[in-house]
Amino acid sequence: MLTLLGVGMILCFMYLIMSKRLSPIIALILIPFIFSIIAWGLGHYFESLSHIELKGLSEMMLEGIKKLAPTGVMLLFAILYFALMIDAGLFDPPVKWILKKVKGDPLKITMGTVFLTTMVSLDGDGSTTYMICVAAMLPLYQRLGMNTLIMTALMLLCSGVMNLTPWGGPTARAASALQIDPSHIFVPMIIPMVISIGWLFFLAYLYGRYEQKRLGVIELETHHGDNITVSKDPEATRPHLRKVNMVLTIILMIALIKGILPMSVLFMIAFCIAMLINYPDVDMQKKRIAMHADSVLAVVGLIFAAGIFTGILSGTGMVEAMSKEFVAMIPPSMGPYLAPITALVSMPLTFFMSNDAFFYGVLPILAEAASHYGISAEAIARASIVGQPVHLLSPLVPSTYLLCGLAKVDFADHQKFTLKWAFITCLVLMGTALVIGVFPLFSSL
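The structure displayed is predicted, hence computed values, not measured ones.

Caption draft 1: Broad picture of the overall build of the protein. Along the protein, the regular secondary structure elements total 21 helices and zero strands. Here the C-alpha atoms of the protein give a radius of gyration of 23 Å, agreeing with the 22 Å that 2.2 N^0.38 yields for 445 residues. A principal-axis box enclosing the C-alpha atoms of the protein has dimensions of 80 × 55 × 40 Å. Burial statistics for the protein: of 445 residues in total, 56% are counted as buried. Sequence-distant contacts, at least 24 apart, represent 81% of the contacts inside the protein between residues at least 6 apart. Surface summary for the protein: the accessible area is close to 18700 Å², and the carbon and sulfur share equals 69%. Here the protein contributes 28 positively and 26 negatively charged side chains, and the mean placements of these two sets differ by 9 Å.

This is the structure in C-alpha coordinates:
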(Lines give C-alpha, C1' and ligand atoms only; values in the text may rest on other atoms or scores of the structure.)
Protein backbone atom coordinates (compact mmCIF):
# COMPACT_ATOMS: atom_id res chain seq x y z
CA MET A 1 0.00 0.00 0.00
CA LEU A 2 2.88 2.38 0.76
CA THR A 3 4.29 1.68 -2.69
CA LEU A 4 0.96 2.41 -4.36
CA LEU A 5 0.53 5.63 -2.42
CA GLY A 6 4.08 6.71 -3.21
CA VAL A 7 3.74 6.02 -6.93
CA GLY A 8 0.33 7.70 -6.97
CA MET A 9 1.71 10.78 -5.23
CA ILE A 10 4.65 11.11 -7.63
CA LEU A 11 2.52 10.54 -10.74
CA CYS A 12 -0.07 13.04 -9.51
CA PHE A 13 2.65 15.58 -8.77
CA MET A 14 4.34 15.09 -12.16
CA TYR A 15 1.06 15.28 -14.07
CA LEU A 16 -0.12 18.46 -12.35
CA ILE A 17 3.11 20.41 -12.87
CA MET A 18 3.78 19.13 -16.41
CA SER A 19 0.23 19.92 -17.48
CA LYS A 20 0.62 23.33 -15.77
CA ARG A 21 -2.48 22.83 -13.66
CA LEU A 22 -0.45 23.71 -10.57
CA SER A 23 2.79 25.59 -10.10
CA PRO A 24 5.68 23.48 -8.71
CA ILE A 25 5.75 25.31 -5.37
CA ILE A 26 2.04 24.65 -4.71
CA ALA A 27 2.21 21.04 -5.94
CA LEU A 28 5.24 20.32 -3.72
CA ILE A 29 3.24 21.35 -0.64
CA LEU A 30 -0.35 20.31 -1.32
CA ILE A 31 0.10 16.95 -3.06
CA PRO A 32 2.21 15.28 -0.32
CA PHE A 33 -0.02 16.78 2.36
CA ILE A 34 -3.16 15.33 0.73
CA PHE A 35 -1.56 11.92 0.23
CA SER A 36 -0.26 11.89 3.81
CA ILE A 37 -3.80 12.50 5.07
CA ILE A 38 -5.02 9.64 2.84
CA ALA A 39 -2.29 7.40 4.28
CA TRP A 40 -3.30 8.35 7.84
CA GLY A 41 -6.95 7.64 7.01
CA LEU A 42 -6.10 4.22 5.59
CA GLY A 43 -3.92 3.41 8.59
CA HIS A 44 -6.92 1.83 10.34
CA TYR A 45 -7.31 -0.72 7.54
CA PHE A 46 -3.74 -1.51 6.45
CA GLU A 47 -1.04 -2.66 8.83
CA SER A 48 1.73 -1.13 6.67
CA LEU A 49 0.21 2.32 7.33
CA SER A 50 -0.54 1.90 11.04
CA HIS A 51 2.61 3.86 12.05
CA ILE A 52 1.37 7.07 10.39
CA GLU A 53 -0.17 9.55 12.86
CA LEU A 54 -1.26 13.17 12.48
CA LYS A 55 1.33 14.44 14.95
CA GLY A 56 3.97 12.39 13.18
CA LEU A 57 3.04 13.93 9.83
CA SER A 58 3.70 17.45 11.10
CA GLU A 59 7.06 16.31 12.48
CA MET A 60 7.96 14.76 9.11
CA MET A 61 7.20 18.00 7.28
CA LEU A 62 9.14 20.13 9.75
CA GLU A 63 12.05 17.73 9.62
CA GLY A 64 12.13 17.98 5.84
CA ILE A 65 12.14 21.79 6.01
CA LYS A 66 14.92 21.80 8.62
CA LYS A 67 17.14 19.59 6.49
CA LEU A 68 16.73 21.88 3.48
CA ALA A 69 17.16 25.13 5.41
CA PRO A 70 20.96 25.38 4.72
CA THR A 71 20.35 24.84 0.99
CA GLY A 72 17.66 27.51 0.93
CA VAL A 73 19.89 29.99 2.76
CA MET A 74 22.81 29.22 0.42
CA LEU A 75 20.68 29.83 -2.68
CA LEU A 76 19.22 33.04 -1.28
CA PHE A 77 22.58 34.66 -0.62
CA ALA A 78 24.34 33.15 -3.67
CA ILE A 79 21.75 34.65 -6.02
CA LEU A 80 21.93 38.00 -4.23
CA TYR A 81 25.74 37.97 -4.27
CA PHE A 82 26.10 37.38 -8.00
CA ALA A 83 23.27 39.78 -8.77
CA LEU A 84 25.12 42.41 -6.75
CA MET A 85 28.37 41.72 -8.64
CA ILE A 86 26.54 42.14 -11.95
CA ASP A 87 24.92 45.37 -10.74
CA ALA A 88 28.30 46.71 -9.61
CA GLY A 89 29.72 46.10 -13.09
CA LEU A 90 32.28 43.41 -12.24
CA PHE A 91 31.75 41.66 -15.59
CA ASP A 92 31.55 44.75 -17.85
CA PRO A 93 35.29 45.09 -18.71
CA PRO A 94 35.87 41.45 -19.71
CA VAL A 95 32.73 41.53 -21.88
CA LYS A 96 33.96 44.63 -23.71
CA TRP A 97 37.46 43.17 -24.00
CA ILE A 98 36.13 40.00 -25.61
CA LEU A 99 34.05 41.95 -28.12
CA LYS A 100 37.01 44.10 -29.13
CA LYS A 101 39.36 41.13 -29.50
CA VAL A 102 37.13 38.97 -31.71
CA LYS A 103 36.67 41.73 -34.35
CA GLY A 104 35.83 40.19 -37.73
CA ASP A 105 37.42 36.75 -37.35
CA PRO A 106 34.79 33.94 -37.24
CA LEU A 107 37.18 31.72 -35.28
CA LYS A 108 37.67 34.35 -32.58
CA ILE A 109 33.94 35.03 -32.53
CA THR A 110 32.98 31.39 -31.85
CA MET A 111 35.71 31.07 -29.20
CA GLY A 112 34.62 34.39 -27.69
CA THR A 113 31.02 33.13 -27.59
CA VAL A 114 32.02 30.23 -25.34
CA PHE A 115 34.24 32.43 -23.16
CA LEU A 116 31.59 35.12 -22.72
CA THR A 117 28.72 32.72 -22.04
CA THR A 118 30.77 30.71 -19.56
CA MET A 119 31.63 33.84 -17.62
CA VAL A 120 28.15 35.40 -17.63
CA SER A 121 26.57 32.02 -16.72
CA LEU A 122 28.18 32.23 -13.29
CA ASP A 123 25.03 33.90 -11.97
CA GLY A 124 23.06 30.71 -12.71
CA ASP A 125 20.23 32.51 -14.53
CA GLY A 126 19.83 31.24 -18.11
CA SER A 127 17.50 34.04 -19.18
CA THR A 128 19.89 36.78 -18.03
CA THR A 129 22.80 34.97 -19.68
CA TYR A 130 21.04 34.76 -23.03
CA MET A 131 19.90 38.39 -22.97
CA ILE A 132 23.42 39.65 -22.32
CA CYS A 133 25.30 37.29 -24.64
CA VAL A 134 22.91 37.50 -27.59
CA ALA A 135 22.90 41.30 -27.38
CA ALA A 136 26.71 41.26 -27.48
CA MET A 137 27.37 38.58 -30.10
CA LEU A 138 24.40 38.54 -32.51
CA PRO A 139 25.44 41.74 -34.36
CA LEU A 140 28.83 40.17 -35.07
CA TYR A 141 27.30 36.94 -36.41
CA GLN A 142 24.89 38.91 -38.59
CA ARG A 143 27.54 41.34 -39.85
CA LEU A 144 29.82 38.50 -40.99
CA GLY A 145 26.98 36.32 -42.31
CA MET A 146 27.78 33.51 -39.85
CA ASN A 147 25.28 30.78 -39.01
CA THR A 148 23.44 31.99 -35.91
CA LEU A 149 22.57 28.38 -35.01
CA ILE A 150 26.25 27.99 -34.08
CA MET A 151 25.86 30.87 -31.63
CA THR A 152 22.67 29.53 -30.03
CA ALA A 153 24.14 26.02 -29.78
CA LEU A 154 27.33 27.19 -28.07
CA MET A 155 25.42 29.46 -25.68
CA LEU A 156 22.97 26.74 -24.67
CA LEU A 157 25.70 24.14 -24.15
CA CYS A 158 27.80 26.50 -22.03
CA SER A 159 24.73 27.39 -19.98
CA GLY A 160 23.94 23.68 -19.57
CA VAL A 161 27.36 22.99 -18.07
CA MET A 162 27.60 26.12 -15.93
CA ASN A 163 24.06 25.54 -14.66
CA LEU A 164 25.51 22.76 -12.50
CA THR A 165 26.71 25.31 -9.95
CA PRO A 166 24.81 24.96 -6.64
CA TRP A 167 22.94 28.22 -7.24
CA GLY A 168 22.02 27.27 -10.81
CA GLY A 169 19.09 24.96 -10.08
CA PRO A 170 19.72 21.25 -10.83
CA THR A 171 22.34 20.76 -8.11
CA ALA A 172 20.16 22.53 -5.56
CA ARG A 173 17.18 20.37 -6.55
CA ALA A 174 19.23 17.16 -6.32
CA ALA A 175 20.60 18.21 -2.93
CA SER A 176 17.18 19.12 -1.59
CA ALA A 177 15.53 15.98 -2.98
CA LEU A 178 18.10 13.74 -1.25
CA GLN A 179 18.66 16.07 1.72
CA ILE A 180 22.43 16.33 1.31
CA ASP A 181 24.90 19.23 1.24
CA PRO A 182 25.10 20.84 -2.24
CA SER A 183 28.87 21.20 -1.91
CA HIS A 184 29.18 17.40 -1.75
CA ILE A 185 27.62 17.28 -5.21
CA PHE A 186 29.20 20.34 -6.80
CA VAL A 187 32.86 20.33 -5.71
CA PRO A 188 33.68 16.86 -7.14
CA MET A 189 31.92 17.91 -10.39
CA ILE A 190 34.21 20.93 -10.93
CA ILE A 191 36.82 18.96 -12.92
CA PRO A 192 34.21 17.33 -15.22
CA MET A 193 32.69 20.79 -15.74
CA VAL A 194 36.11 22.28 -16.64
CA ILE A 195 36.84 19.41 -19.06
CA SER A 196 33.40 19.88 -20.63
CA ILE A 197 34.01 23.61 -21.11
CA GLY A 198 37.32 22.64 -22.73
CA TRP A 199 35.38 20.38 -25.10
CA LEU A 200 33.05 23.29 -25.94
CA PHE A 201 36.06 25.47 -26.78
CA PHE A 202 37.19 22.70 -29.14
CA LEU A 203 33.72 22.55 -30.70
CA ALA A 204 33.80 26.33 -31.08
CA TYR A 205 37.22 26.02 -32.74
CA LEU A 206 35.89 23.47 -35.25
CA TYR A 207 32.91 25.64 -36.19
CA GLY A 208 35.07 28.77 -36.19
CA ARG A 209 37.52 27.19 -38.64
CA TYR A 210 34.62 26.09 -40.84
CA GLU A 211 33.11 29.58 -40.89
CA GLN A 212 36.55 31.11 -41.37
CA LYS A 213 37.11 29.06 -44.51
CA ARG A 214 33.60 29.82 -45.75
CA LEU A 215 33.58 33.57 -45.09
CA GLY A 216 37.16 34.67 -44.51
CA VAL A 217 38.17 37.41 -42.05
CA ILE A 218 36.40 40.77 -42.32
CA GLU A 219 37.74 44.03 -40.88
CA LEU A 220 35.18 45.50 -38.47
CA GLU A 221 35.10 48.66 -36.40
CA THR A 222 36.75 48.17 -33.03
CA HIS A 223 34.14 50.18 -31.14
CA HIS A 224 31.56 47.36 -31.14
CA GLY A 225 30.74 46.53 -27.56
CA ASP A 226 31.57 49.93 -26.09
CA ASN A 227 27.95 50.41 -25.11
CA ILE A 228 27.33 46.80 -24.03
CA THR A 229 27.04 46.43 -20.27
CA VAL A 230 26.14 43.44 -18.14
CA SER A 231 24.75 45.61 -15.36
CA LYS A 232 21.23 46.88 -15.98
CA ASP A 233 21.19 49.89 -13.64
CA PRO A 234 23.79 52.63 -14.38
CA GLU A 235 23.23 54.08 -10.91
CA ALA A 236 24.42 50.84 -9.32
CA THR A 237 27.71 50.42 -11.21
CA ARG A 238 30.89 50.77 -9.18
CA PRO A 239 33.79 50.82 -11.69
CA HIS A 240 36.28 52.04 -9.06
CA LEU A 241 35.59 48.92 -6.94
CA ARG A 242 36.02 46.27 -9.66
CA LYS A 243 39.40 45.08 -8.41
CA VAL A 244 38.08 44.80 -4.87
CA ASN A 245 35.02 42.87 -6.07
CA MET A 246 37.19 40.58 -8.18
CA VAL A 247 39.47 39.77 -5.23
CA LEU A 248 36.45 39.13 -3.02
CA THR A 249 34.88 36.80 -5.61
CA ILE A 250 38.13 34.87 -6.09
CA ILE A 251 38.52 34.44 -2.33
CA LEU A 252 34.90 33.26 -2.12
CA MET A 253 35.44 30.68 -4.89
CA ILE A 254 38.60 29.35 -3.20
CA ALA A 255 36.80 29.13 0.15
CA LEU A 256 33.90 27.28 -1.47
CA ILE A 257 36.19 24.71 -3.09
CA LYS A 258 38.29 24.29 0.08
CA GLY A 259 35.15 23.94 2.20
CA ILE A 260 36.49 26.33 4.85
CA LEU A 261 32.95 27.00 6.06
CA PRO A 262 29.52 25.73 4.96
CA MET A 263 28.45 27.20 1.62
CA SER A 264 25.48 28.99 3.14
CA VAL A 265 27.69 30.76 5.70
CA LEU A 266 30.31 31.71 3.09
CA PHE A 267 27.74 33.30 0.80
CA MET A 268 26.10 35.13 3.71
CA ILE A 269 29.43 36.63 4.79
CA ALA A 270 30.53 37.43 1.22
CA PHE A 271 27.20 39.10 0.43
CA CYS A 272 27.35 41.29 3.53
CA ILE A 273 30.95 42.35 2.82
CA ALA A 274 30.15 43.07 -0.85
CA MET A 275 27.06 45.06 0.07
CA LEU A 276 28.93 47.20 2.61
CA ILE A 277 31.80 47.85 0.19
CA ASN A 278 29.67 48.71 -2.83
CA TYR A 279 26.55 50.21 -1.27
CA PRO A 280 27.22 51.56 2.22
CA ASP A 281 24.02 53.64 2.06
CA VAL A 282 21.13 51.77 3.73
CA ASP A 283 18.52 52.97 1.23
CA MET A 284 20.69 51.76 -1.66
CA GLN A 285 21.07 48.38 0.05
CA LYS A 286 17.29 48.06 0.33
CA LYS A 287 16.88 48.99 -3.33
CA ARG A 288 19.41 46.41 -4.54
CA ILE A 289 17.75 43.63 -2.52
CA ALA A 290 14.29 44.67 -3.71
CA MET A 291 15.50 44.62 -7.33
CA HIS A 292 16.24 40.89 -7.11
CA ALA A 293 13.55 39.81 -4.65
CA ASP A 294 11.42 38.14 -7.35
CA SER A 295 14.12 35.76 -8.58
CA VAL A 296 15.24 34.97 -5.04
CA LEU A 297 11.73 34.23 -3.77
CA ALA A 298 10.94 31.96 -6.71
CA VAL A 299 13.97 29.74 -6.08
CA VAL A 300 14.11 29.72 -2.28
CA GLY A 301 10.36 29.20 -1.91
CA LEU A 302 10.65 26.13 -4.13
CA ILE A 303 13.40 24.66 -1.94
CA PHE A 304 11.40 25.01 1.28
CA ALA A 305 8.31 23.61 -0.43
CA ALA A 306 10.44 20.63 -1.45
CA GLY A 307 11.08 20.05 2.26
CA ILE A 308 7.41 19.12 2.69
CA PHE A 309 7.57 16.76 -0.28
CA THR A 310 10.78 14.98 0.71
CA GLY A 311 9.81 14.93 4.40
CA ILE A 312 6.54 13.10 3.68
CA LEU A 313 8.07 10.86 1.04
CA SER A 314 10.82 9.60 3.34
CA GLY A 315 9.10 9.94 6.73
CA THR A 316 6.10 7.80 5.80
CA GLY A 317 8.36 5.14 4.31
CA MET A 318 7.06 5.59 0.74
CA VAL A 319 10.55 5.97 -0.75
CA GLU A 320 11.81 2.86 1.02
CA ALA A 321 8.80 0.83 -0.12
CA MET A 322 9.08 2.00 -3.73
CA SER A 323 12.82 1.39 -3.81
CA LYS A 324 12.36 -2.20 -2.62
CA GLU A 325 9.90 -2.80 -5.45
CA PHE A 326 12.27 -1.07 -7.89
CA VAL A 327 15.25 -3.13 -6.70
CA ALA A 328 13.22 -6.30 -7.11
CA MET A 329 12.58 -5.36 -10.75
CA ILE A 330 16.26 -4.67 -11.55
CA PRO A 331 18.23 -7.69 -12.78
CA PRO A 332 20.90 -8.42 -10.16
CA SER A 333 23.58 -7.99 -12.81
CA MET A 334 22.47 -4.36 -13.50
CA GLY A 335 22.06 -3.10 -9.92
CA PRO A 336 25.75 -2.27 -9.32
CA TYR A 337 25.70 -0.06 -12.44
CA LEU A 338 22.95 2.26 -11.16
CA ALA A 339 25.22 5.34 -11.07
CA PRO A 340 26.01 5.40 -14.83
CA ILE A 341 22.47 4.20 -15.54
CA THR A 342 21.16 7.24 -13.64
CA ALA A 343 23.44 9.52 -15.68
CA LEU A 344 22.22 8.02 -18.95
CA VAL A 345 18.50 8.07 -18.10
CA SER A 346 18.77 11.66 -16.85
CA MET A 347 19.15 12.78 -20.47
CA PRO A 348 15.82 11.53 -21.88
CA LEU A 349 13.92 11.89 -18.60
CA THR A 350 14.82 15.55 -18.07
CA PHE A 351 14.07 16.20 -21.75
CA PHE A 352 10.53 14.85 -21.51
CA MET A 353 9.77 16.07 -17.98
CA SER A 354 10.63 19.12 -15.93
CA ASN A 355 13.58 19.22 -13.55
CA ASP A 356 11.15 19.40 -10.64
CA ALA A 357 9.41 16.21 -11.72
CA PHE A 358 12.69 14.35 -12.25
CA PHE A 359 14.61 15.45 -9.16
CA TYR A 360 11.72 15.35 -6.69
CA GLY A 361 9.81 12.45 -8.22
CA VAL A 362 12.33 10.03 -9.75
CA LEU A 363 15.71 10.74 -8.13
CA PRO A 364 14.78 9.72 -4.53
CA ILE A 365 13.68 6.29 -5.80
CA LEU A 366 16.91 5.82 -7.79
CA ALA A 367 19.01 6.91 -4.79
CA GLU A 368 17.23 4.60 -2.36
CA ALA A 369 17.53 1.69 -4.79
CA ALA A 370 21.23 2.41 -5.32
CA SER A 371 21.84 2.36 -1.58
CA HIS A 372 21.02 -1.36 -1.58
CA TYR A 373 24.09 -1.81 -3.78
CA GLY A 374 26.38 0.35 -1.67
CA ILE A 375 26.18 3.44 -3.92
CA SER A 376 25.99 6.69 -1.97
CA ALA A 377 23.27 9.29 -2.39
CA GLU A 378 25.96 11.86 -3.28
CA ALA A 379 27.17 9.68 -6.18
CA ILE A 380 23.64 9.27 -7.55
CA ALA A 381 23.02 13.02 -7.17
CA ARG A 382 26.14 13.81 -9.21
CA ALA A 383 25.09 11.33 -11.88
CA SER A 384 21.59 12.80 -12.01
CA ILE A 385 22.78 16.27 -13.10
CA VAL A 386 24.79 14.98 -16.07
CA GLY A 387 21.83 15.28 -18.47
CA GLN A 388 21.34 19.06 -18.09
CA PRO A 389 22.78 20.08 -21.51
CA VAL A 390 20.11 17.85 -23.12
CA HIS A 391 17.45 19.09 -20.69
CA LEU A 392 17.86 22.68 -21.89
CA LEU A 393 16.70 21.59 -25.35
CA SER A 394 13.39 20.43 -23.91
CA PRO A 395 10.21 22.22 -25.01
CA LEU A 396 9.52 22.58 -21.27
CA VAL A 397 12.39 25.07 -20.72
CA PRO A 398 11.21 28.70 -21.12
CA SER A 399 14.70 30.22 -21.33
CA THR A 400 15.45 28.27 -24.52
CA TYR A 401 12.49 29.92 -26.22
CA LEU A 402 13.95 33.25 -25.10
CA LEU A 403 17.31 32.33 -26.65
CA CYS A 404 15.72 31.39 -29.97
CA GLY A 405 13.53 34.48 -29.96
CA LEU A 406 16.41 36.85 -29.28
CA ALA A 407 18.58 35.18 -31.93
CA LYS A 408 15.67 34.97 -34.41
CA VAL A 409 16.14 31.25 -35.07
CA ASP A 410 13.48 28.54 -35.29
CA PHE A 411 13.18 26.43 -32.14
CA ALA A 412 13.00 23.15 -34.10
CA ASP A 413 16.07 24.09 -36.17
CA HIS A 414 17.92 24.90 -32.96
CA GLN A 415 16.98 21.51 -31.49
CA LYS A 416 18.09 19.59 -34.58
CA PHE A 417 21.38 21.48 -34.80
CA THR A 418 22.27 21.26 -31.10
CA LEU A 419 20.94 17.88 -29.92
CA LYS A 420 23.91 15.77 -31.05
CA TRP A 421 26.37 18.18 -29.44
CA ALA A 422 24.32 18.29 -26.24
CA PHE A 423 24.39 14.49 -26.08
CA ILE A 424 28.17 14.43 -26.63
CA THR A 425 28.63 17.13 -23.95
CA CYS A 426 26.68 14.95 -21.50
CA LEU A 427 28.91 11.99 -22.41
CA VAL A 428 32.01 14.13 -21.79
CA LEU A 429 30.64 15.07 -18.37
CA MET A 430 29.80 11.45 -17.57
CA GLY A 431 33.04 10.02 -18.96
CA THR A 432 35.21 12.47 -17.03
CA ALA A 433 33.22 11.87 -13.85
CA LEU A 434 33.67 8.11 -14.20
CA VAL A 435 37.40 8.36 -14.93
CA ILE A 436 38.18 10.50 -11.88
CA GLY A 437 35.74 8.62 -9.63
CA VAL A 438 33.10 11.30 -9.07
CA PHE A 439 30.59 8.46 -9.23
CA PRO A 440 31.40 4.77 -9.71
CA LEU A 441 30.96 2.75 -12.87
CA PHE A 442 30.39 -0.36 -10.77
CA SER A 443 29.73 -1.09 -7.13
CA SER A 444 31.39 -4.24 -5.84
CA LEU A 445 29.28 -4.40 -2.68
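And the narrative resumes.
Caption draft 2: Up close: the packing of helix α11 (residues 242-258) against helix α12 (residues 263-278). At a closest axis distance of 10 Å, the pairing of α11 and α12 adopts a crossing angle of 175 degrees. With respect to α12, the axis of α11 lies roughly antiparallel. Along the contact surface, α11 presents Val244, Asn245, Leu248, Leu252, Ala255 and Leu256, while α12 presents Met263, Leu266, Phe267, Ala270, Ile273, Ala274, Ile277 and Asn278. Of the residues belonging to the contact of α11 with α12, the class tally is 12 nonpolar, two polar and no charged.

Caption draft 3: Structural detail: helix α18 (residues 377-384). Counting buried residues in α18 gives six out of eight residues, a clear majority hidden from the surface. For α18, the set of buried residues is Ala379, Ile380, Ala381, Arg382, Ala383 and Ser384.

Caption draft 4: View of the packing of helix α8 (residues 170-178) against helix α14 (residues 293-315). Two elements in contact, α8 and α14, have axes whose closest approach is 9 Å; the angle formed by their N-to-C orientations is 30 degrees. One way to sum up the angle between α8 and α14 is to call them roughly parallel. Crossing of α8 over α14 shows right-handed handedness. Residues Ala172, Arg173, Ser176 and Ala177 of α8 touch α14, and the partners they reach there are Leu302, Ile303, Ala306 and Thr310. Residue classes in the contact of α8 with α14 are distributed as five nonpolar, two polar and one charged.

Caption draft 5: Local environment of the state of the cysteines. Per the counting criterion, the structure on display carries zero disulfides. Lacking any disulfide linkage, Cys158 is separated from the closest cysteine sulfur, that of Cys133, by 8.5 Å. Residue classification places Cys158 among the buried residues on the basis of a relative accessible area of 0%.

Caption draft 6: A look at the side chain of Thr165. Among the structural elements, Thr165 can be located in the loop between α7 (148-162) and α8. Accessibility expressed as a relative area gives 3% for Thr165, which makes it buried. Here Met162 takes part through its backbone oxygen, which lies 3.2 Å from a polar atom of the side chain of Thr165. In contact with Thr165, not counting residues within four places along its chain, are Thr171, Phe186 and Met193.

Caption draft 7: Region of the structure containing the pattern of salt bridges. Applying the stated criterion across every chain, the model contains three salt bridges. Its salt-bridge partner being Asp87, residue Arg288 comes within 3.2 Å of it at the nearest N-O pair. Of the two residues, Arg288 is situated in helix α13 (residues 282-291) and Asp87 in helix α3 (residues 54-88); the sequence distance between them amounts to 201 residues. The same class applies to Arg288 and to Asp87, which are both buried. Residue Arg214 pairs with Glu211 through a salt bridge whose shortest N-O separation is 2.9 Å. Taken together, the positions of Arg214 and Glu211, both in helix α10 (residues 190-215) and three residues apart, correspond to about one turn of that helix.

Caption draft 8: Main features of the packing of aromatic side chains. For the structure on display, the rule yields 11 aromatic pairs. For the pair Phe13 and Phe309, a centre-to-centre distance of 4.9 Å together with 45 degrees between the ring planes defines the contact as tilted. With Phe13 in helix α1 (residues 2-18) and Phe309 in helix α14, the pair connects residues that are 296 residues apart, well separated along the chain. The buried category is assigned to Phe13, whose relative accessible area is 0%.

Caption draft 9: Layout of unusual backbone geometry. You will see that Gln179, though not glycine, has its phi angle at about 55 degrees, which is positive. Position of Gln179 among the secondary structure elements: in the loop between α8 and α9 (182-186).

Caption draft 10: Here's a closer look at helix α6 (residues 126-144). In this model α6 runs 26 Å from its N-terminal to its C-terminal C-alpha over 19 residues, within 8% of the 27 Å that 1.5 Å per residue would give. Of all the bends in α6, the greatest measures close to 35 degrees and is centred on Val134. Count one or two residues on from α6 and you reach Gly145, which has phi positive near 80 degrees.

Caption draft 11: Inspection of the environment of Ile65 at higher detail. Relative to the elements of secondary structure, Ile65 occurs in helix α3. Residues Ile65 and Ala175, spaced 110 residues apart in sequence, show a C-alpha to C-alpha distance of 13 Å. When near neighbours in sequence (up to four residues on either side) are disregarded, Ile65 contacts Phe304, Gly307 and Ile308.

Each value, and the rule that gives it
Residues numbered from 1 in each chain as written. Predicted model: local features only at pLDDT ≥ 70, side-chain atom pairs only at ≥ 80, totals over all residues. Heavy atoms only, no water. Helix = DSSP H or I, 4+ residues; strand = E, 2+ residues; numbered from the N terminus. Rg over C-alpha atoms; globule rule 2.2 N^0.38 Å. Buried < 20%, exposed > 50% of the residue type's maximum accessible area, 1.4 Å probe, protein only. Contact = heavy atoms within 4.5 Å. Areas by Shrake-Rupley, 256 points an atom, 1.4 Å probe, with all protein chains shown as cover. Lys, Arg positive; Asp, Glu negative; His and termini not counted. Charge placed at Lys NZ, Arg CZ, Asp CG, Glu CD. Axes fitted to C-alpha atoms, helices over the stretch in contact; angles between N-to-C directions. Parallel < 35°, antiparallel > 145°, perpendicular 65-115°, else oblique. Nonpolar A, V, L, I, M, F, W, Y, C, P; charged D, E, K, R; others polar. Left-handed = near helix turned anticlockwise from the far one by under 90°. Disulfide = S-S within 2.5 Å. Polar contact = N/O pair within 3.5 Å; in protein donor to acceptor, adjacent residues only side chain to side chain. Salt bridge = Lys/Arg side-chain N within 4 Å of Asp/Glu carboxyl O. Phe/Tyr/Trp six-rings, centres within 6.5 Å; stacked < 30°, edge-to-face > 60°. Expected span 1.5 Å × (residues − 1). Bend = angle between axes of the 7 residues up to and from the residue.

Shape descriptors only; they carry no functional weight alone.
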